[in-house]
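Remarks on the overall topology
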Amino acid sequence: MGLCYFTPILGAIISDSYLDKFKTIVSLSSIYILGLIVLTLTSWPTVMGVATTQMSRVGPLLGLLMIAIGTGGIKPCVSAHGGDQFLSVQTYGLQAFYNYFYMSINVGALISSTVSPMIAQTEYFPWPLAQNQTLTEYFAPKGLKAPLGNGYPYSFLMLTCFMIGAMGIFIAGFKTYRVVPPAGRFILFDHIKTGITYAGFRMKMKREEAYKATADIHTEGMVVEMLDLIKVIGAIWPAPIFWMVFGQNSGPWQDMGEQMVVPFGGSQKSFFGTETLNNFWNPFFICVMAPILANYVYPVIDKRFGVRAFGLQQRMVVGQVLAALSFVVSALLQRWVNGSCAAGEEKDSCAGTVSILWLILLYVIITLGECFFSISGLNFTYTEVGKRTKSSCAALWLLTSGIGSFMSSAFLTATMSADQNAVAAGTKKYSEITWNRENFLWLLAGCCMASAVVQFIIARNYVPKAFRETAKF
C-alpha cells in the first residue's frame, strides 16, 4: 500500500520527460492490468492445480508489485491529464473537475470495499478437510485464523474486468483530448541544474540580477518553472502532518467503537459495526460533500467575498482545523465512553453504554476536512506550476500522503502502542501510562492544529500564480 504513494514519482518522470500523460497512463495501466491478471490466476486453486491452502505466495506478491507500479505510476498523470483539458480561464470548471475526480475515486472505493469482500468471503472452492473437520480445527494447529471464504480469485477477476473496461473507455476518447507534449529530456535534471545555477548567482547577486543571469544560461521559462516548483514545495510541506493525523481515524476510532453499543441488536460485523463504519462512511460522505462544495459553497463564497478570500491555501487551512476538531470531539467521546463503563473495569477496553452512531459525527467532520484539504491540495499543485511539471508536482502531493502514512505508523508505535504493550506485559499498570487512548487523541488534535497554524502562516504570505506581477522572488 505504501509503495503506491512512492511509485507516482516514476510515472511523473516518464510523463513529464519522455512520454506524454496519455501514453504514460495507457502504458502503466497495461502493467496494472497484467498485475491483476497475475493476481487472479495465481490465487485460483483449480488453475494452479493445488489445494486452496497450498497456494504459493510468489505469484500474488508479483501481481501486487505490478499493481503498485501501475496504479502508483498513473496516479499523478490521471489528475494532471484531466486538468490539462481546461483553459486557464475555466477556473470553476477545473475546480469542479477535481472535486468530481476525487468523488469518483471514492465511489470506486465504496463499491470495492463492499462488493469485493462479499465475493471474497464466499466459499467457491473445496477445503482439504478431513471428515467432520471444521475450518477452525484445520487452521488452529498452523497458528492461523480460519478464513471466512475463498472467493478471492473471483473478486480479483471482477476488478480485472473493471480495469480493462475503464482503460478501453479512456483510450476511446483519445481524439478529443488536449495532450501536452513532454520535455523530451529528463526534466528533473534540468530543474536541478537551473536551481544550482540560480543559487550560485544568488549568493553574490541581488534577486533580479540572479534571475536574469540564470535565464541567460537556462532560458527564462526554465527559471520560472523551477521557482514555481520551489514555491509549491514550500507551501505543501506541512501536508504529511495532516496525513499522519488523518491516518489515525481507523485504528483508535475503531478500537473505541469496539467499546460502544451497536444499535438494533447488531454485532460489530453488522452494517453499523466498526469495520463498516471505517470503510463506508468516509467515502460515502466524500461522494455527498465534494459536488456540494464545487457547485454551491465555493462559487457563493467567491462571489460574495472575492476569489482570493477563500482560495486553495485557505481551504487547506480550514481542512486541517476541521481534522483537528474531529480528534478533539473523539477525545471527548472516548472520555464519555470510558465514563459509562462499570466501576472497576479497565478504561479503553471496557464495554460502555454509548451508541456507536456517535462515530458517524466524527466521520462527517474529518471527511469535510479531507475535502477541503486534499482536493484543494491536488488542485493547488496543478495550477501553481508550469505545463511541463504538472505530473511531477501531483506526484509530490501524493508523496506527502505516503510520508504521512509511514509517520502515522511510527507515531502510533512510539506512543500509545508502546504504553499498551507495557500494560499487556505487566510492566506498567493502566493508571501509570501516559498515552492512553484519550490522551493520544488529544495529542493528535494538537499536532493537526499546529500544522494548521503553520499552513495559515504560509497562506498569508503565499501569492497565487494568477495574481503575481512577476515570476521572480
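Our subject in this report is the structure included herewith. Because the structure is predicted, anything quoted here is derived from the model rather than measured. (Residues numbered from 1 in each chain as written. Predicted model: local features only at pLDDT ≥ 70, side-chain atom pairs only at ≥ 80, totals over all residues. Heavy atoms only, no water.)

**Description of the pattern of salt bridges**
If you walk through the whole model with that rule in mind, you get seven salt bridges. A salt bridge links R185 to D190; the nearest nitrogen and oxygen atoms lie 2.3 Å apart. Between K428 and D419 there is a salt bridge, with its nearest N and O atoms 3.6 Å apart. A relative accessible area of 34% places K428 in the partly exposed class. (Salt bridge = Lys/Arg side-chain N within 4 Å of Asp/Glu carboxyl O. Buried < 20%, exposed > 50% of the residue type's maximum accessible area, 1.4 Å probe, protein only.)

**A closer look at the environment of G319**
You can see G319 is positioned in helix α14 (residues 312–339). For G319, a relative accessible area of 0% corresponds to the buried category. Spatially, the C-alpha atoms of G319 and P117 are 31 Å apart, while their sequence positions differ by 202 residues. The residues touching G319, leaving out its near neighbours within four places in the chain, are F242, G369, F372 and F373. (Helix = DSSP H or I, 4+ residues; strand = E, 2+ residues; numbered from the N terminus. Contact = heavy atoms within 4.5 Å.)

**Things to note about empty space enclosed by the protein**
Inspection of the entire model under this criterion finds two cavities of 30 Å³ or more. Reported here for the largest cavity is a volume of approximately 40 Å³. By volume, the second largest cavity amounts to about 30 Å³. The wall of the second largest cavity is formed by Q95, N99, Y298, L312, R315, I375, S376 and N379. (1 Å grid on protein atoms, 1.4 Å probe; cavity = no way out; pocket = protein on both sides within 12 Å on 5 of 7 lines; lining within 4 Å. Points joined across faces, edges and corners; volume = space filled by probe spheres on them.)

**Quick word on the environment of V307**
Tracing the backbone through its elements, the reader meets V307 in the loop between α13 (274–305) and α14. The partly exposed category is assigned to V307, whose relative accessible area is 47%. Once residues within four sequence positions are removed from consideration, V307 is found in contact with Y92, D302 and F467.

**Considerations on the packing of helix α16 (residues 390–414) against helix α17 (residues 416–425)**
α17 packs onto α16 with a crossing angle of 35° between their chain directions and a minimal axis gap of 3 Å. Together, L412, T413 and A414 of α16 and M416, S417 and A418 of α17 make up the contact between the two elements. Residues that form the contact of α16 with α17 fall into these classes: four nonpolar, two polar and no charged. (Axes fitted to C-alpha atoms, helices over the stretch in contact; angles between N-to-C directions. Nonpolar A, V, L, I, M, F, W, Y, C, P; charged D, E, K, R; others polar.)

**Considerations on helix α18 (residues 437–461)**
It helps to recall that an α-helix has 3.6 residues per turn; residues three or four apart then point in one direction. For α18, built from 25 residues, the straight-helix expectation of 36 Å at 1.5 Å per residue is met to within 8% by its first-to-last C-alpha distance of 37 Å. Of the residues making up α18, those classed as buried are R437, E438, F440, L441, L444, A445, C448, S451, A452, Q455, I458 and A459. Of the residues that open α18, the one with a side-chain oxygen 3.3 Å from the backbone nitrogen of E438 is N436. (Expected span 1.5 Å × (residues − 1). Polar contact = N/O pair within 3.5 Å; in protein donor to acceptor, adjacent residues only side chain to side chain.)

**Some remarks on the nonpolar core**
Among the nonpolar cores identified, the biggest contains 68 residues, and W243, W253, M256, M260, F327, L359 and W397 are the most heavily contacted of them. With 13 residues, the top contributor of residues to this core is helix α15 (residues 358–383). Excluding anything up to four places from it in sequence, M256 contacts S330, L333, Q334, V337, L359, L362 and R437. (Core = buried A, V, L, I, M, F, W, Y, C linked by side-chain atoms within 4.5 Å.)

**Section: the packing of aromatic side chains**
For the coordinates displayed, the defined rule picks out 31 aromatic pairs. Each ring, one from F86 and one from F97, has its centre 5.8 Å from the other, and the planes form 45°; the classification is tilted. With a gap of eleven residues between them, F86 in the loop between α4 (58–84) and α5 (91–120) and F97 in helix α5 connect regions that are remote in the sequence. Using a relative accessible area of 19% as the deciding quantity, one classes F97 as buried. Where F242 meets F246, the ring centres are 5.9 Å apart and the plane angle is 20°; that geometry is what we call stacked. In this pair, F242 and F246 are both assigned in helix α11 (residues 239–246), four residues apart and thus about one turn of the helix distant. You'll find F242 and F246 in the same group, each marked buried. Following the ring pairs from residue to residue traces out a cluster consisting of F86, F97, Y98, F101 and Y382. We note R308 situated over the ring of F467; from NZ or CZ to the ring centre the distance is 4.9 Å. Sitting over the ring of Y298, R315 keeps its end group 3.7 Å from the ring centre. (Phe/Tyr/Trp six-rings, centres within 6.5 Å; stacked < 30°, edge-to-face > 60°. Lys NZ or Arg CZ within 6 Å of the ring centre and 35° of its normal.)

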